[in-house]
Amino acid sequence: MNHSPQNTERLNTKPELWTRPVLLGFAEVYRKKGHRPKFRLRWGRIAAMLCLLFLLGYLSGVTFLYLFYKYKREFETVTYVDTLTWPFQRQAFRERMGEYFIERAMDHLNEGDFLDAYHFLRAGVARAKANLEGRKLLAEFYEFGLRRPDLAGDLLVDGLPYAEGDALYLRDTLAVYMRNQLDEEIQDTVSEILTPGLLLPEPELGDGASNPDLVYFQTAAFFSARSHFYRGNYDQAEDLIKEFQLEGTRDGLFLTALINWERGRHKTAISQLEAGISQFPQVENFYVHLARYYREMGDYESARRTSVLRIASNPLNPIPRIELLYAYREEGNTEREIAEVEALLRQFSADERTLQFLANFAAETGQPDLAHRLYIHALEKGFDISSFALLVIESQIVAEHYSSAIDFAEELMEENPDWLNARLHIFNSLRSVAYLGAGDPDLGQLYLNEFIKAQNSRVETFLAVAKRLQSIGLPEESREVLRIAWESNPDNQAALSALIALDIELNQTDDLPVFVRQLLTMRRPSYRLIEEAYYALSSDRFFFSEERETLLIELQAILSERNVT
């Protein structure tokens with residue numbers, strides 16, 4: 001091909017570029033020959049730098065999270081890889097952290113560090129919601145530490161979706177409400193489980209094992225029935241027992257016997273408890289209630305025989321043997337009582353818990369020699385002697401050896417043992433009774449006031465002090481203690497019942513209608529107390545009381561269940 005010089009010059013000519021980097025190289029200024037300079041971004045470099053900055057920022061954030069969780073949150077087992085993948089597995093990371101906190105809480109519990117254990121449990125359960133053991137432990141803190149059984153129950157109820165039909169977990173959950181008389185909460189929880197139209201599963205699976213689904217529903221039904229029983233709703237309780245096939249179960253048979261006893265069907269109740277012993281010989285509740293019912297009927301020989309059967313069913317359990325001591329005492333069988341005490345001392349000489357029960361028997365029955373003997377034994381064995389020492393004083397008070405009780409208390413004050421400060425409220429209550437019994441009202445009232453002002457006194461301790469004050473002929477002081485016990489815990493039925501019984505005995509009429517009205521909102525009290533309140537309110541002293549007629553109708557309706565009106 002023939003190219004002219006002009007064409008060759010046109011083909012080989014390229015625009016000449018002049019460039020200069022600006023903005024740290026992320027842009028440039030360039031100029032073509034014969035043109036003005038222009039500006040343009042270097043997008044490749046910008047993209048690369050953004051990626052690098054993102055990576056550095058991510059790694060910095062990961063490093064911060066790693067250090068934060070490891071040292072600030074004390075998640076010591078966290079790894080760098082865990083935080084590196086945190087955005088992609090946040091829930092799993094949260095749950096692992098919760099599981100670790102719960103493990104830490106258990107370590108603190110084993111070391112006796114309850115405050116740190118509580119904080120780790122709260123943090124752990126908030127993250128590992130499906131950890132049922134953690135929930136149970138935290139619920140114990142709420143119930144027994146903070147005295148908030150409502151929070152404990154709610155915490156456990158929130159864990160039911162994670163329990164997947166676990167009957168044992170359901171039992172633990174409802175037991176919290178049951179112990180604290182939160183019957184409305186029991187019925188609300190059970191109603192979510194036993195929905196209308198529920199079809200019960202078969203009792204057994206193909207291999208003959210019990211169907212866990214049926215056991216789950218039966219557990220819910222039993223607690224609902226038991227709650228109805230405590231409220232005096234016996235028809236509803238029996239309906240649940242029949243509907244959910246509880247008659248043949250241990251719990252159902254026992255509850256049926258209790259219902260029959262409360263309805264006055266004493267022979268039927270005793271027969272059912274005897275049947276329970278035959279079917280479930282290791283269940284102590286059948287023995288305990290059967291012996292108690294026999295004693296209430298005045299059949300002490302049958303009561304003692306039942307206690308002997310209970311011992312035979314579990315010879316290594318010392319509790320029924322100690323209860324047998326009470327039976328011997330009621331019968332006046334001193335020889336057998338002494339022989340059994342000596343046998344217990346020989347067999348359980350190294351068992352602190354058993355000897356504490358024995359010391360409690362000595363205190364309640366007024367045997368200071370036996371109580372002091374156990375106290376010396378506890379000293380020699382290196383036991384925690386606080387309860388043994390206090391029971392020595394109580395035994396002397398019950399035996400009306402008030403001077404001896406005062407002398408022993410003064411000895412303890414001089415020795416000033418380490419345990420005294422923690423038990424000072426109980427110690428002061430015993431000293432007050434001892435001084436009042438010895439005829440020294442000034443010191444007696446002084447120590448009684450110290451006991452009342454103590455912040456760590458339980459209602460049970462107030463009830464025990466009131467009982468001792470009444471036993472030494474000081475009902476007014478006893479009433480003062482009961483009134484304070486009830487006002488400090490208005491939901492405590494035992495305190496209110498004791499206060500009503502004492503007011504009836506003292507003919508205190510001012511507050512009785514109010515107290516009875518409050519009592520009727522609680523669980524069903526004993527028929528004896530209801531009957532006493534009924535006859536007290538029937539008297540002319542309450543003729544002008546506004547609530548008199550309404551209360552009498554309600555009380556009569558309760559008493560008519562046993563045809564005792």
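Higher on the page you've got the structure.
This is a predicted model, so every value here is computed, not measured.

Colleague: Would you mind going over the overall build of the protein with me for this structure?
Modeller: Along its length, the protein carries 30 helices and 3 strands. The burial tally for the protein puts 44% of its 565 residues in the buried class. Restricting to contacts in the protein with at least 6 residues of sequence separation, those with at least 24 account for 50%. In the form shown here, the protein has an accessible surface area of approximately 31100 Å², with 52% of it arising from carbon and sulfur atoms.

Colleague: Before we go on, may I ask you to explain the layout of surface pockets in this structure?
Modeller: Think of a ball as big as a water molecule: rolled over the atoms, this probe shows where empty space is left. By volume, the largest pocket amounts to about 1100 Å³. Taken together, 32 residues line the largest pocket, and the ones lying closest to its centre are Asn 180, Val 459, Asn 489, Asp 491 and Asn 492. Taken together, the elements giving at least two residues each to the lining of the largest pocket come down to helix 6 (132-145), helix 10 (183-193), helix 25 (459-471), helix 26 (475-488) and helix 27 (493-506). When residues in the lining of the largest pocket are grouped by element, the largest group, 4 residues, is from helix 25.

Colleague: Teacher, can you tell me more about the packing of helix 12 (residues 234-243) against helix 13 (residues 250-262) here?
Modeller: The relative placement of two packed helices comes down to the angle between their axes together with the axis-to-axis distance. At a closest axis distance of 11 Å, the pairing of helix 12 and helix 13 adopts a crossing angle of 155°. When the axes of helix 12 and helix 13 are compared, the pair comes out roughly antiparallel. Between helix 12 and helix 13 lies a crossing whose hand is left-handed. Contacts between helix 12 and helix 13 pair Tyr 234, Ala 237, Glu 238 and Ile 241 from the former with Gly 252, Leu 255, Thr 256, Ile 259, Asn 260 and Glu 262 from the latter. Grouping the amino acids of the contact of helix 12 with helix 13 by side-chain chemistry returns 5 nonpolar, 3 polar and 2 charged.

Colleague: Just checking my understanding: could you explain the packing of helix 28 (residues 512-519) against helix 29 (residues 527-538) for this structure?
Modeller: As a packed pair, helix 28 and helix 29 sit with axes 11 Å apart at the nearest point and diverge in direction by 145°. Considering the relative orientation of helix 28 and helix 29, their crossing is left-handed. Contact residues: helix 28 offers Leu 512, Pro 513, Val 516 and Leu 519, while helix 29 offers Leu 529, Ala 533, Ala 536 and Leu 537. Looking at side-chain class alone, the contact of helix 28 with helix 29 contains 8 nonpolar, no polar and no charged residues.

Colleague: What exactly am I supposed to notice about the environment of Glu 477 here?
Modeller: Position of Glu 477 relative to the elements: it lies in helix 26. Residue classification places Glu 477 among the partly exposed residues on the basis of a relative accessible area of 22%. Separated by 12 residues in the primary sequence, Glu 477 and Val 465 have C-alpha atoms spaced 9.7 Å apart. If sequence neighbours within four positions are ignored, Glu 477 has contacts with Gln 445 and Leu 469.

Colleague: Explain unusual backbone geometry to me, please; I cannot follow it from the model alone.
Modeller: Backbone geometry follows two general trends: most residues other than glycine have a negative phi, and most peptide bonds adopt the trans configuration. One non-glycine residue with positive phi stands out, namely Arg 147, at about 55°. Inspection of the secondary structure puts Arg 147 in the loop between helix 6 and helix 7 (149-158). Phi at Glu 400 is positive, roughly 65°, even though this residue is not glycine.

Colleague: Explanation requested: the side chain of Thr 173 in the structure shown.
Modeller: Locating Thr 173 in the fold gives a position in helix 9 (residues 167-179). Using a relative accessible area of 0% as the deciding quantity, one classes Thr 173 as buried. A polar atom in the side chain of Thr 173 sits 2.9 Å from the backbone oxygen of Tyr 169.

Cut-off values and rules
- Residues numbered from 1 in each chain as written.
- Predicted model: local features only at pLDDT ≥ 70, side-chain atom pairs only at ≥ 80, totals over all residues.
- Heavy atoms only, no water.
- Helix = DSSP H or I, 4+ residues; strand = E, 2+ residues; numbered from the N terminus.
- Buried < 20%, exposed > 50% of the residue type's maximum accessible area, 1.4 Å probe, protein only.
- Contact = heavy atoms within 4.5 Å.
- Areas by Shrake-Rupley, 256 points an atom, 1.4 Å probe, with all protein chains shown as cover.
- 1 Å grid on protein atoms, 1.4 Å probe; cavity = no way out; pocket = protein on both sides within 12 Å on 5 of 7 lines; lining within 4 Å.
- Points joined across faces, edges and corners; volume = space filled by probe spheres on them.
- Axes fitted to C-alpha atoms, helices over the stretch in contact; angles between N-to-C directions.
- Parallel < 35°, antiparallel > 145°, perpendicular 65-115°, else oblique.
- Left-handed = near helix turned anticlockwise from the far one by under 90°.
- Nonpolar A, V, L, I, M, F, W, Y, C, P; charged D, E, K, R; others polar.
- Polar contact = N/O pair within 3.5 Å; in protein donor to acceptor, adjacent residues only side chain to side chain.

This is a description of form; function is not addressed.
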